Amino acid sequence: MSGSLNDDSFHQDLQPQANHGSDYLSHQLQPPPPPRRPRGFAATAAAMGPTSTTAAATGGKAKREREKEKERTKLRERHRRAITSRILAGLRQYGNFPLPARADMNDVLAALAREAGWVVETDGTTYRHSTPPSQSQGAAFPVRSGVSPISSGSFKGCSIKAALDCQPSVLRIGESLSPASLDSVVITERDAKNEKHTASSPLHAAHCLEDQLIQDIHSRENESQFRGTPYVPVYVMLATGIINNFCQLIDPDGVRQELSHLQSLNVDGVIVDCWWGIVEAWNPQKYVWSGYRDLFNIIREFKLKVQVVMAFHACGGTESEDAFIKLPQWVLEIGKDNPDIFFTDREGRRNKDCLSWGIDKERVLRGRTGIEVYFDFMRSFHTEYNDLFAEGLVSAIEIGLGASGELKYPSFSERMGWRYPGIGEFQCYDKYLQQSLRKAAGLRGHSFWARGPDNAGQYNSRPHESGFFCERGDYDSYYGRFFLQWYAQTLIYHVDNVLSLASLVFEETNFIVKIPAVYWWYKTSSHAAELTAGFYNPSNQDGYSPVFDVLKKHSVIVKLVCCGMPVAGQEEGDALADPESLNWQILNSAWDRGLTVAGENSPSCYDRDGYMRIIDMAKPRSDPDRHHFSFFAYRQPSALIQGAVCFPELDYFIKCMHGEIEGDLVPS
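Since this is a predicted model, take the numbers as computed values, not measurements. (Residues numbered from 1 in each chain as written. Predicted model: local features only at pLDDT ≥ 70, side-chain atom pairs only at ≥ 80, totals over all residues. Heavy atoms only, no water.)

**Student:** Before we move on, could you go through the overall build of the chain and cite the residues and values that matter?
**Tutor:** For the chain, the helix and strand inventory stands at 20 helices and 15 strands. Counting all 668 residues of the chain, 48% fall into the buried class. Looking at the chain alone, contacts between residues at least 24 apart form 74% of all its contacts between residues at least 6 apart. Surface exposure of the chain reaches about 33,400 Å², of which carbon and sulfur atoms provide 51%. (Helix = DSSP H or I, 4+ residues; strand = E, 2+ residues; numbered from the N terminus. Buried < 20%, exposed > 50% of the residue type's maximum accessible area, 1.4 Å probe, protein only. Contact = heavy atoms within 4.5 Å. Areas by Shrake-Rupley, 256 points an atom, 1.4 Å probe, with all protein chains shown as cover.)

**Student:** How would you summarise the UniProt feature "active site" (unreviewed entry) in the chain if you had to cite specific residues and measurements?
**Tutor:** The UniProt record annotates "active site" (unreviewed entry) at Glu406 and Glu600. Taking the farthest pair of C-alpha atoms as the criterion, the annotated set spanning 195 residues converges on one region, since that pair is 11.7 Å apart. Take Glu406: it is sitting in the loop between strand 11 (394-399) and helix 14 (431-444). The residues touching Glu406, leaving out its near neighbours within four places in the chain, are Leu401, Lys514, Pro516 and Val561. Within the element layout of this structure, Glu600 appears in strand 14 (residues 596-601). (UniProt positions renumbered as here; feature names shortened; annotations may be inferred.)

**Student:** Could you give an account of the packing of aromatic side chains, naming the residues involved and the relevant values?
**Tutor:** A complete count under the given rule lists 46 aromatic pairs for this structure. Summarising the aromatic geometry, the rings of Tyr235 and Phe631 are spaced 5.8 Å apart at their centres and angled 75° between planes, so their arrangement reads as edge-to-face. In this pair, Tyr235 sits in strand 6 (residues 234-237) while Phe631 sits in the loop between helix 19 (608-618) and strand 15 (632-635), placing the two residues 396 residues apart along the sequence. The burial state of Tyr235 is the same as that of Phe631; both residues are buried. (Phe/Tyr/Trp six-rings, centres within 6.5 Å; stacked < 30°, edge-to-face > 60°.)

**Student:** How would you sum up the pattern of salt bridges? Please name residues and give values.
**Tutor:** Pairs can form between side chains of opposite charge once their charged atoms are near each other. Scanning the model with the defined rule gives 24 salt bridges in all. For the salt bridge of Arg368 with Glu280, the shortest nitrogen-to-oxygen distance reads 3.2 Å. Of this pair, Arg368 sits in the loop between strand 10 (350-355) and helix 12 (370-384) while Glu280 sits in the loop between helix 9 (276-279) and helix 10 (290-301), and the two are 88 residues apart along the sequence. Under the relative-accessibility criterion, Arg368 is labelled buried at 8%. (Salt bridge = Lys/Arg side-chain N within 4 Å of Asp/Glu carboxyl O.)

**Student:** Help me get a handle on unusual backbone geometry, residues and values and all.
**Tutor:** Cis geometry is found at the peptide bond from Tyr420 to Pro421, where omega equals 5°. Assignment of secondary structure puts Pro421 in the loop between strand 11 and helix 14. Residue Cys247 is not a glycine yet carries a positive backbone phi of 60°. Take Cys247: it is sitting in the loop between strand 6 and helix 8 (252-264). Using a relative accessible area of 1% as the deciding quantity, one classes Cys247 as buried. Unusually for a residue other than glycine, Lys303 sits at a positive phi of about 55°. Under the relative-accessibility criterion, Lys303 is labelled exposed at 75%.

**Student:** Please give an account of the confidence of the model for the chain that cites residues and values.
**Tutor:** Do not read the predicted coordinates in detail wherever pLDDT is low. Of all residues in the chain, 70% have pLDDT values of 70 or greater, and the mean over the chain is 77. Low confidence marks residues 1-29, where pLDDT is under 50. Its contacts with residues over four positions away, or in another chain, come to zero contacts. Counting contacts from residues 131-220, a segment whose pLDDT is below 50, to residues more than four positions away or on other chains yields 126 contacts. (pLDDT = per-residue confidence, 0-100.)

**Student:** Could you give an account of the packing of helix 12 against helix 15 (residues 478-505), naming the residues involved and the relevant values?
**Tutor:** The axes of two packed helices give the description: the angle between them and the distance between them. Put simply, helix 12 and helix 15 touch, their axes get as near as 9 Å, and they point 30° apart. In terms of orientation, helix 12 lies roughly parallel with respect to helix 15. By crossing handedness, the relation of helix 12 to helix 15 is classed as right-handed. Residues Ile371, Tyr374, Phe375, Met378, Arg379 and His382 of helix 12 pack against His494, Asn497, Val498, Leu501, Ala502, Leu504 and Val505 of helix 15. Here the contact of helix 12 with helix 15 is built from residues that sort into nine nonpolar, three polar and one charged. (Axes fitted to C-alpha atoms, helices over the stretch in contact; angles between N-to-C directions. Parallel < 35°, antiparallel > 145°, perpendicular 65-115°, else oblique. Left-handed = near helix turned anticlockwise from the far one by under 90°. Nonpolar A, V, L, I, M, F, W, Y, C, P; charged D, E, K, R; others polar.)

**Student:** Account for the environment of Gln263, naming residues and giving values.
**Tutor:** Looking at the element boundaries, Gln263 is found in helix 8. Exposure remark for Gln263: the relative accessible area of 38% places this residue in the partly exposed category.

**Student:** Tell me about the nonpolar core, residues and numbers included.
**Tutor:** Tyr292, Phe296, Met310, Phe381, Trp520 and Leu551 are the most contacted members of the largest nonpolar core, which totals 161 residues. Here this core takes 14 residues from helix 15, the largest share from any one element. Discounting chain neighbours no more than four positions away, the residues touching Met310 are Cys274, Phe377, Met378, Phe381, Ile397, Glu398, Ile399, Gly400 and Phe506. Grouped together as the second largest cluster of nonpolar side chains are seven residues, Leu88, Leu91, Leu99 and Ala111 included. (Core = buried A, V, L, I, M, F, W, Y, C linked by side-chain atoms within 4.5 Å.)

**Student:** Let's hear about the sheet that holds strand 14: which residues, and what values?
**Tutor:** Taken in spatial order, the eight strands line up as 6-7-8-11-12-13-14-15 and close into a barrel, and their pairing is parallel. Adjacent strand axes in the sheet meet at a mean angle of 30° when their direction is disregarded. In this sheet, strand 11 lies alongside strand 8 (residues 305-311) in parallel orientation, the contact comprising five bridges. Bridge assignment links Gln307 to a residue of strand 11, and that residue is Ala396. Strands strand 12 (510-515), strand 13 (556-562) and strand 14 of the sheet are contacted by helix 18 (residues 579-592), whose axis makes an angle of about 170° with strand 13. (Pairing = 2+ DSSP bridges.)

**Student:** Requested: an account of the side chain of Asp353, with residues and values cited.
**Tutor:** With respect to the element layout, Asp353 can be found in strand 10. When its relative accessible area of 12% is taken as the criterion, Asp353 is described as buried. At 2.5 Å, the side chain of Asp353 and the side chain of Arg415 are in polar contact. Not counting chain neighbours up to four residues away, the residues in contact with Asp353 comprise Phe312, His313, Ala314, Leu327, Ser413 and Arg415. (Polar contact = N/O pair within 3.5 Å; in protein donor to acceptor, adjacent residues only side chain to side chain.)

**Student:** So what's going on with the pairing of strand 6? Residues and values would help.
**Tutor:** Here strand 6 shows a buried face lined by Val234 and Val236 and a second buried face lined by Tyr235 and Met237. Two elements, strand 6 and strand 7 (residues 269-275), share three bridges in a ladder whose sense is parallel. Bridged to Met237 within strand 7 is Ile271. On the question of chirality, the crossover connecting strand 6 to the parallel strand 7 by way of helix 8 is right-handed. (Right-handed = clockwise from strand over helix to strand, strands pointing away.)

**Student:** Account for helix 18, naming residues and giving values.
**Tutor:** The end-to-end C-alpha distance of helix 18 is 20 Å, a good match for the 20 Å that 14 residues give at a rise of 1.5 Å each. For helix 18, the full list of buried residues reads Pro579, Leu582, Asn583, Gln585, Ile586, Leu587, Ser589, Ala590 and Trp591. One or two steps after helix 18, the chain reaches Gly594, where phi turns positive at roughly 75°. (Expected span 1.5 Å × (residues − 1).)

Given below as structure tokens:
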């Protein structure tokens, strides 16, 4: 509206100038015009005389209020334009939308509609390829503002194909369409075959029409977008408890039944965790592989590929749990005399989930260093199962590099009392990492920096509650930057050391490293949770690039935990979380370095929406370089034979990953 008013005033100003040349002489011959009468405030003052000072003051106050309101309007307009420019920049950069330089929301809607396969003409007329305006039955008729023949709630009870049939055949979007006004929307008469889907509930909000368009777009995409897309193999993670603590296969028949179900779903392979705490449980360099040999023989019967995880961490919370797996007993015995082999927080509490990276090159494990222990374990596995490598049964080896097998410090241990969305605590207070910190501070010339931050809060603190992580906190001071760089560099050194020895064991074998998804507090400046996990990734840094540079050196496959939703019972807004932005930062950083990327679902992604988010991430449609996941690791909530997974949903997910989806979707 403001644009049209400005254009009118502009033409009015130009009109006298256009007539000036032709009427110049007549203007010169006419007598001078009479003096203009005072208008507005001056006329009022002249008429009322000097006795009207009170009224004049009132008018002056009203004028000042109008001026203030104009300024506020200008500020709101600038804010709106700034947000719009960011949206357009994101669409151009990440969505590959060819938007014009001065695009508005009409251009955005048109681009989205064209991306979904609609035809959008220059006057805003929008229709599908199958139903051009010339073939629509009946003339277009105006509809009251906000009224639509279909309710958004009507999509909930029908399949995607039925939702397609519910849509109007033609949408005419007027030139004045904007996020605040949809009064010019005109909807043509629907096809006779769609009348049975008419809904009685009108839409009374402007955004409802946008939701309807988005629903239609998603419906059409989900129906056909995956046929012919790149083939992404799907591997299913076997349950942790199938091998007991004495390295025995518990239920061979149950394993066969589960593998039979997986084979019926056309999965490409399975993932098996080989636990250090089981194989080398009682004595150093005494390895027991018998249970895993039985398991691999059964997998060989079903001709499934295998990815093997070198699991150097503990699993489970209490000994009463069936899947509770500790570190080797002989390691725990050493830890009683020398607890500094474990990660330690500021209060001196030891985390026994994995060994501290401070002993990677310290001979404290019966004459061996930490990385030598890992090397001997991997070499024993390769020697024991050399026949599996020769047959090509083992497709990749995943190297556990930290807590939960992920590349991170154990800063979020629930055994230590952490609960989402706490920021966690730094794990660098064992004597070996403290020695490394003192050495780094001395080399920097500031020996008094050889300490951890004393104002970083507790496990369940929020960033604003600590002086270190709050806005403009110590994390961005000279000391804070030094400490965080050292903390992150220690993680990188561990990665490089372990992968260098793994390369000597598994020649010509694909390596996998799992990257965690620490998405809470991502919208804050400090990114506190990522900092305690070991990724120096505040808002003014890129904490993943140095890690990926090392992974590129060893030709590693990066496996990202795809977080679709926050932890159950929590809202993203409560933790300023942004899972999607974190995922795309990691993916783009890895792809920019030429790394191969894979995915793994988080425990919250077992519904249709979660699956669709993962598929969109695995095969990004707007990526001009056609990147996609090399494989996907499916983490099941429990054994499939227990009926915890909805097979139609999982079957649909696997077909989408394989690029084999038919036209119709399985019913939800």
